[in-house]
Every structure is written in structure tokens, then in C-alpha cells.
Amino acid sequence: MTNKMINLTPDISTIISTVAKPKALVVFAHGAGADKSHEFMEQVSLALNQKNINVLRFNFSYMDVRLAQGNRRPPDRMPKLLECFSTVIDGLESDLPLFIAGKSMGGRVAATLAGDKTAKFLGVMCLGYPFHPQKKPEKLRLAPLQETQIPILILQGTRDALGSQEEIAQYEFSERCHCIFFTDGDHNLKPRIKSGFTHAQHIQSAVNEMVKFIDEHKPDET
């Protein structure tokens, strides 16, 4: 595996993790509070590399400003987040099958981009989709999952405070969306000790599901 920083635009910082014989490329967006180098982002990226998948991580513009200024600058509004993600995708120079993914807010942005049937990516993967803000279950964020034109895989902890399995069972969204639950997982897929599972196990299982999703939706090799 090789990690290197690349500059798609002067305003977006990125890091790409590559392998010798990749079968796909995943553009992976961070959540609202942690940047592209967060431990969770690195763990998922490494596990995908081990499955022969290249991963490009990037920071939304507000995150680079936050890191530079050392403050708690809030996330940009959705239009600007969408513009940033789209700029990353448009700046790619790769012939690999393309998929996009995101942790929490990053997954919501990715799912929103899936409403465009002309998009050049083949699928979306959301790790801990924020179905609603914490402690505000009435403020649902289902529109991207109802309007998607592209397959979406959601990897969700059963006790996620932003959308538990019990809550999600009551929601309606597109048949293009498939949700897989992880026993006792929180918003980071982390289970409690009493569950009998470990965080590492759930992350690896999530990556295995991502790879399966990629294999199902990428073009057949000739």
C-alpha cells in the first residue's frame, strides 16, 4: 500500500492509498466532526486496500479551515458540501470503476449526489447514515435515500443514536437502498463489550460488505 497527498484543487486536501493491482477506486468522505485522517477513516481505508481497492480521502473545505485556525468551525451547508465532493470526483484521472462513500455526514452528501442519474460513480456506501440529528428523531433526512438513482449500501449500528434499527424499520426509502445492521453498534459501529463483538470485527465486517457491494456493481472483467 502507498499513501500520498495529491492536489485536485488548491482548496481541497486529499490523500490517496493505492495498491499494486486495484479493482476499484473509492472516494471516501469524512463526517462532520473528524477529518480525513481520523482513525476510523484510516482503518476502513487500510482494510479496503487489503482487498485490492484504492481509496481517496479528502477534507471538505470547512475542515481544512478548522484545522488551520484551530477552532470548531461548523460544517458548510449542503450545497457547498456537494460542490466540494463533486469537485473531487470531477478532478479524478482514473479508469478504475468508481464508487463513493462517506462516514455519517459524508455519507449523507454522497447519497445526495446519487440523485443524479448521469453520475459517473457506480454506487454509494454510507457508514453510519445520519437519518436524523441526535435527539431529534422528528427531523428525518430520508430524501436522498428516496430519490437515489444509484445503488446505496448503508452500514448501520443497531443502536445508532442517529438512526437505530428499530427506527429505520419504520422508514420508507428506495428499493435501491440496502441496509445492513451491526449488532449493538453505535454511530461508529462500535459495540459494547457485553455484546460479544469488537469494534475491529465490525469494521472488518463492514468492509467485507463494501467489497461485496463493489464486486456486485462494477463491470465484469473481460
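The structure this text deals with has already been given above.
Presented here is a report on the structure given in the accompanying data block. Quick caveat, the model's predicted, so the values are computed rather than measured.

## What about the packing of helix α1 (residues 39–49) against helix α7 (residues 199–217)?
Step number 1: In contact at an axis separation of 10 Å, α1 and α7 are set at 50° when each is read in the N-to-C sense. In this view, α1 runs oblique relative to α7, as classed from their interaxial angle. Every pair of crossing elements has a handedness; the one defined by α1 and α7 is right-handed. Contacts from Phe-40, Gln-43, Val-44, Ala-47 and Leu-48 of α1 reach α7 at His-199, Ile-203, Gln-204, Val-207, Met-210 and Val-211.
Step number 2: A per-class count over the contact of α1 with α7 returns eight nonpolar, three polar and no charged.

## Examining helix α4 (residues 105–113)
Step number 1: Counting buried positions over the nine residues of α4 gives seven, a clear majority of the element.
Step number 2: Of all the residues in α4, the buried ones are Met-105, Gly-106, Gly-107, Val-109, Ala-110, Ala-111 and Leu-113.

## With respect to the side chain of Arg-66
Step number 1: Relative to the helices and strands, Arg-66 is located in helix α2 (residues 61–69).
Step number 2: Ignoring any residue separated from it by four or fewer positions in sequence, one finds Arg-66 in contact with Ala-32, Gly-33, Asn-71, Arg-72, Arg-73, Pro-74 and Pro-75.

## Notes on the nonpolar core
Step number 1: Residues Val-27, Phe-58, Phe-60, Phe-85, Ile-100, Phe-121 and Ile-152 are the most contacted members of the largest nonpolar core, which totals 38 residues.
Step number 2: Setting aside chain neighbours within four positions, we find Val-27 in contact with Leu-56, Phe-58, Phe-85, Val-88, Leu-92, Leu-98, Phe-99, Ile-100 and Ala-101.
Step number 3: Ile-53, Leu-189, Val-207 and Ile-214 belong to the second largest nonpolar core, which has 26 residues in total.

About the thresholds
- Residues numbered from 1 in each chain as written.
- Predicted model: local features only at pLDDT ≥ 70, side-chain atom pairs only at ≥ 80, totals over all residues.
- Heavy atoms only, no water.
- Axes fitted to C-alpha atoms, helices over the stretch in contact; angles between N-to-C directions.
- Helix = DSSP H or I, 4+ residues; strand = E, 2+ residues; numbered from the N terminus.
- Parallel < 35°, antiparallel > 145°, perpendicular 65-115°, else oblique.
- Left-handed = near helix turned anticlockwise from the far one by under 90°.
- Contact = heavy atoms within 4.5 Å.
- Nonpolar A, V, L, I, M, F, W, Y, C, P; charged D, E, K, R; others polar.
- Buried < 20%, exposed > 50% of the residue type's maximum accessible area, 1.4 Å probe, protein only.
- Core = buried A, V, L, I, M, F, W, Y, C linked by side-chain atoms within 4.5 Å.

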